[in-house]
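# Observations on the three-dimensional arrangement
Residue-level listing of the chains:
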Amino acid sequence: MNLVPYLVALSAVVLIFVACRLREPAPKFLLPFATAVIFVCGWQIAADASMYPLMKDGVLVRMVEVFPTPWSTVTGMQQPIRDGTLLRYTIASVYRVAVGFAIAAGIGIPLGLWAGWNLRGFQALNPLVQALRPISPIAWIPIAILWFGVKDSAAIFLIALASFFPIVTGAMTAVRSMPVVYVHSAQNFGLSGIELFRRVVFPACLPQIITSCRLALGIAWMVIVAAEMIAVDSGLGYLVMDARNGNYYDRVVGAMISIGIIGIGLDALMRRLELLDEVRWGFPKHRSEVDETSAQGRLDLERARGGRSA
Amino acid sequence: MKPNRPGREVAASTKISVRGLNKVFHRKHDELQVLSDVDLDVRTGEFVCLLGPSGCGKSTFLNIVGGFEVPTSGTVEVDGARVSGPDKKRVFVFQEYGIFPWATAWDNVALGLHDRPKAEQERITRHYVELVGLNGFETSFPHELSGGMRQRVALARALAVSPDIVLMDEPLGALDSLTRLQMRAELLRLWRSERMTILFVTHDVDESIQLADRIVVMTARPGRIAEIVTVPMEHPRDVGSAEYGRIKNRLYDLLGVNHAV
């Protein structure tokens, strides 16, 4: 039995424990790194446990790996990284998401703003949107293939569909929940029509629209993988399926990890929008933004926990 | 300069004339009479406070004068013309949220000037930014400003369109008491320099005596005018004077609360 992963995991646990006890906050990367180490060790232990001995004439030939270990995942990904497949597939997936998402936002934001503003528009549109929204985009895959064939456009259609509903609902809700005082102010100062929309309604709704776009992009990224498994022959989702068919489970896991990492990247891009001056007001200071290294920050956090008040 | 004493000799022309005003809100199962037979005349350049407990309909009254709500019966006339909707000549200053959080202080002040030439916008905005003391904060967003500064933005935005009437719905209600005192003095200074008519809603007795030429005391549900109290004192007003105390007691009597606690 291999004791190394147990020992490494144990030392990571000790590290986390010590970091929590320290008065001074630990370096930013330390805790995420320690959790990742524990995860990888657990993975190693599980992979070890699932190996079985290949016997021939009562003699052990070798241990057969059923589930890929972390190391075999790294070595298994070397080929797709070297020959550029991984990069090509990543670009293909991101491209489909970008186009589908842009179509959804281009239609969804104006339509949502209009339906939020116009009561009749809302009454007409909302029931249909709410009825179509709970249908999983994956359920649309057969129809997408029927309409578009096994092509890029099928996957893009699915992405556009998946991102459309959260965006249109978000924009609609944003207008309908806008404080009436903004509209009154605007009317009082003589704004109407397009000017009212451009200078008041749209900026007032922008924070909520950005939040729903972020949500939509997360869903889109999940759906693209599902769509590529069936509807196209490139992309990270296709890589998962293709590797499985060739029984390369190390590549299946490697592709999954790539999907996760790029998902983080896409979300980080959307979060940057929240920092624009024009929408900063819509995202009040979160607990997570409190500077823990300052005395005031620590006090704030302690209050937020509801414990030991100063 | 406008002489700063009550009973000024300016021909007391009527600016706002309210006759037989009633407002009924229809609710799910019943009706709620918010305003009942309100008659009021406000002279040009007058500072009038509407004083009353919460729910006495003073905000509704202001909304009707502003043109945001329609009376159930009765009329509101400004300069002899019936009020039929919001207008730049009658601007509102709200307690909170009235200024736009997505725009800088400068852009907020310039809001009502969108139909004027660029150079004029620039000049007028600069003037009012300086008048209310916002220099150096032009590019700040409201959430970066203190409550007092935000209210200055709201005031400058209102004054920039040179309104005849400014309607204020508890504009200082969200401020701390020291800032509120300071803003009252500021407000009086601006009122004198800009020569406008002010209708000011408050539930703060001291605030009304410090600011108003006349105080319209209202009773709750349905809101009606109990009495109009004139404040015959010069600015700056001494809060320790016998006159001040007399008016204060009178207001407390009208509002039905004990002045000795």
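Quick look at the structure, then. (Residues numbered from 1 in each chain as written. Chains lettered and ligands numbered in written order. Predicted model: local features only at pLDDT ≥ 70, side-chain atom pairs only at ≥ 80, totals over all residues. Heavy atoms only, no water.)

### A look at the overall build of chain A
Selection criterion: In this description a helix means any DSSP run of H or I spanning at least four residues, a strand means any run of E spanning at least two, and both kinds are numbered starting from the N terminus. Each radius of gyration is computed over the set of C-alpha atoms, and the globule rule expresses the reference value as 2.2 Å times the number of residues to the power 0.38. Buried residues are those whose accessible area, probed at 1.4 Å on protein chains only, stays under 20% of the maximum for their type, while exposed residues exceed 50% and partly exposed ones sit between those limits. Note on contacts: a residue pair qualifies if any of its non-hydrogen atoms lie within 4.5 Å across the two residues. In this tally Asp and Glu are treated as negative and Lys and Arg as positive; neither His nor the chain ends contributes. All charge positions are set by atom: Lys at NZ, Arg at CZ, Asp at CG, Glu at CD.
For chain A, the count of helices and strands is twelve helices and two strands. In chain A, the order of α-helices and β-strands from amino to carboxyl end is α-α-β-β-α-α-α-α-α-α-α-α-α-α. Against the compact-globule benchmark of 19 Å for 310 residues, chain A has a radius of gyration of 25 Å, which places it well outside the compact range. For chain A, the spread of C-alpha atoms along the three principal axes comes to 90 × 65 × 35 Å. Across the 310 residues in chain A, those meeting the buried criterion constitute 41%. Looking at chain A alone, contacts between residues at least 24 apart form 69% of all its contacts between residues at least 6 apart. Between the averaged position of the 26 positive side-chain charges in chain A and that of its 20 negative side-chain charges there is a distance of 5 Å.

### A short note on the pairing of strand E9 (residues 214–219) of chain B
Residue and element names in this part refer to chain B. Let me state the cut-off plainly: For two strands to be treated as a pair, DSSP must find at least two bridges joining them.
Within E9, five of the six residues are buried, which leaves it mostly tucked inside the rest of the structure. Bridge analysis of strand E3 (residues 47–51) against E9 gives four bridges, and the strand direction is parallel. For Leu 51, the partnering residue across the bridge sits in E9 and is Val 217. For E9 and strand E10 (residues 224–230), the ladder comprises six bridges, and the chain directions are antiparallel. Considered in E10, the bridge of Ile 215 is made with Val 229. As consecutive antiparallel partners, E9 and E10 are separated by four residues, and within that stretch Arg 221 has a phi angle of approximately 35°, a positive value.

### Here we look at the packing of helix H3 (residues 70–82) of chain A against helix H11 (residues 249–273) of chain A
All names here are of chain A. Formally: For helices, the axis comes from a line fit to the C-alpha atoms of the stretch in contact; other axes are also lines fit to C-alpha atoms, and the angle between any two N-to-C directions lies between 0 and 180 degrees. An angle counts as roughly parallel when it lies under 35 degrees, as roughly antiparallel when it exceeds 145, as roughly perpendicular when it falls between 65 and 115, and as oblique in every other case.
Running from N to C, H3 and H11 point in directions that differ by 80°, and their axes come no closer than 8 Å. With respect to each other, H3 and H11 are oriented roughly perpendicular. Residue-level contacts link Ser 72, Thr 73, Gly 76, Met 77, Gln 79 and Pro 80 of H3 to Asp 250, Arg 251, Val 253, Gly 254, Ala 255, Ile 257 and Ser 258 of H11.

### Re the packing of helix H6 (residues 141–148) of chain A against helix H7 (residues 152–176) of chain A
Residue and element names in this part refer to chain A. Operational definition: Each crossing is labelled by how the near helix is turned from the far one, with a counterclockwise turn of less than a right angle marking it left-handed and a clockwise turn marking it right-handed. Throughout this entry, Asp, Glu, Lys and Arg are counted as charged residues, while Ala, Val, Leu, Ile, Met, Phe, Trp, Tyr, Cys and Pro are counted as nonpolar. The remaining residues, Gly among them, count as polar.
H7 packs onto H6 with a crossing angle of 135° between their chain directions and a minimal axis gap of 9 Å. One way to sum up the angle between H6 and H7 is to call them oblique. Taken as a pair, H6 and H7 cross one another with a handedness that is right-handed. Contact residues: Ile 141, Ala 144, Trp 147 and Phe 148 in H6; Ser 153, Ala 154, Phe 157 and Leu 158 in H7. In terms of residue class, the contact of H6 with H7 is built from seven nonpolar, one polar and no charged.

### Here we look at the interface of chain A and chain B
Stated formally: The term buried area means the drop in 1.4 Å probe accessible area that two parts suffer when joined, counted for both and summed. A pair is scored as a salt bridge if a Lys or Arg side-chain nitrogen falls within 4 Å of a carboxyl oxygen belonging to Asp or Glu. Polar contact is defined as a pair of N or O atoms within 3.5 Å, subject to the rule that within protein one atom must be able to donate a hydrogen and the other to accept it, and that residues adjacent in sequence are counted only when both atoms are side-chain atoms.
The interface is formed by 18 residues belonging to chain A together with 23 residues belonging to chain B. Counting the surface lost from both chain A and chain B, the interface buries some 1900 Å², and carbon and sulfur atoms represent 69% of this. Between the two partners, chain A and chain B, sit zero salt bridges. Counting every contact that joins chain A to chain B gives eight residue pairs in polar contact (both at pLDDT 80 or more). Secondary-structure elements contributing two or more residues to the side of chain A that touches chain B are helix H8 (180–188) and helix H9 (193–230) of chain A. Element by element, the count of residues in the side of chain A that touches chain B is highest for H8(A), at seven residues. Tallied by class, the residues present in the side of chain A that touches chain B amount to nine nonpolar, five polar and four charged.

### Focus: the sheet that holds strand E1 (residues 14–26) of chain B
Residue and element names in this part refer to chain B. A sheet is described by the order of its strands in space; here four strands give the open sequence E2-E1-E4-E5, paired in antiparallel fashion. What marks the edges here is a single partner per strand, and that holds for strand E2 (31–43) and strand E5 (81–82). Its contacts with the sheet put helix H1 (residues 58–66) on E1, E2 and strand E4 (73–78), and the angle it makes with E1 is roughly 120°.

### Here's the deal with H3(A)
Residue and element names in this part refer to chain A. This is how the line gets drawn: One less than the residue count of a helix, multiplied by 1.5 Å, gives the span that helix is expected to have.
In a regular helix each residue adds 1.5 Å, so 13 residues correspond to 18 Å; H3 covers 19 Å between its end C-alpha atoms and thus fits that length. Here H3 has its buried residues at Pro 70, Ser 72, Thr 73, Gly 76, Met 77 and Pro 80. Of the surrounding secondary structure, the elements contacted by the buried residues of H3 are helix H2 (30–49), helix H4 (85–117) and H11. With its phi angle positive at about 85°, Gly 84 sits one or two positions after the end of H3.

### Here we look at H11(A)
The terminal C-alpha atoms of H11(A) lie 37 Å apart, and with 25 residues this matches the ideal 36 Å at 1.5 Å per residue to within 8%. Residues of H11(A) that are buried make contact with H2, H3, H4, H9 and helix H10 (236–245) of chain A.

### Focus on unusual backbone geometry
Keep in mind that most residues, glycine aside, have a negative phi and that most peptide bonds are trans. Residues and elements named next belong to chain B. Residue Pro 236 follows His 235 across a cis peptide bond; omega there is -5°. As for its placement among the helices and strands, Pro 236 is situated in the loop between E10 and helix H7 (242–255). Backbone geometry places Ser 162, a non-glycine residue, at a positive phi of 45°. In this fold, Ser 162 is placed in the loop between helix H4 (147–160) and strand E7 (165–169).

### A look at the packing of aromatic side chains
Stated formally: Any Phe, Tyr or Trp ring, taking Trp's six-membered ring, that has another such ring centre within 6.5 Å forms a pair; planes under 30 degrees apart are called stacked, those over 60 apart edge-to-face, and the others tilted. For a Lys NZ or an Arg CZ to count as sitting over a ring, it must be within 6 Å of the ring centre and within 35 degrees of the ring normal.
Applying the stated criterion across every chain, the model contains 14 aromatic pairs over all chains. Taking the centre distance of 4.7 Å and the plane angle of 10° together, the rings of B:Phe100 and B:Trp102 count as stacked. Comparing B:Phe100 with B:Trp102 shows no difference in burial state: the two are buried. An aromatic cluster is defined as three or more aromatic residues linked by ring pairs; in this entry it consists of A:Trp140, A:Trp147, A:Phe148 and A:Phe157. Taking NZ or CZ as reference, B:Arg157 lies 5.5 Å from the ring centre of B:Phe100, over its face.

### Side note on the nonpolar core
Our working definition: The criterion is simple. A nonpolar core is a set of buried Ala, Val, Leu, Ile, Met, Phe, Trp, Tyr and Cys residues joined through side-chain atoms within 4.5 Å.
Ranked by size, the top nonpolar core spans 146 residues in total, and within it B:Ile16, B:Phe47, B:Phe61, B:Leu199, B:Phe200, B:Ile215 and B:Leu251 carry the most contacts. Apart from the residues lying within four places of it in its own chain, the contact partners of B:Leu199 are B:Ile16, B:Val42, B:Val48, B:Leu50, B:Phe61, B:Leu62, B:Val65, B:Val166, B:Leu167 and B:Met168.

### Considerations on the side chain of B:Ser36
If you trace the backbone, B:Ser36 turns up in strand E2. Excluding residues within four positions of it along the chain, B:Ser36 makes contact with B:Leu21, B:Asn22, B:Pro222, B:Gly223 and B:Arg224.

### Some words on the pairing of strand E6 (residues 90–93) of chain B
All names here are of chain B. The side-chain alternation of E6 yields two buried faces, one formed by Arg 90 and Phe 92 and the other by Val 91 and Val 93. Pairing of E6 with E7 involves four bridges; the strand directions are parallel. Bridged to Phe 92 within E7 is Leu 167.

### Section: the sheet that holds E10(B)
By definition, the strands of a sheet pair up through backbone hydrogen bonds, in either a parallel or an antiparallel sense. Residue and element names in this part refer to chain B. Read from one edge to the other, the open sheet built from six strands follows the order E6-E7-E8-E3-E9-E10, with strand pairing classed as mixed. Since the sheet does not close on itself, it has two edges, and those belong to E6 and E10, each with one partner. Going from strand to strand, the sheet's axes swing by 20° on average, the running direction of each strand aside. Those strands touched by helix H5 (residues 177–194) are E3, E7 and strand E8 (197–202), and its axis lies near 140° from that of E3.

That's the geometry; what it means functionally is another story.
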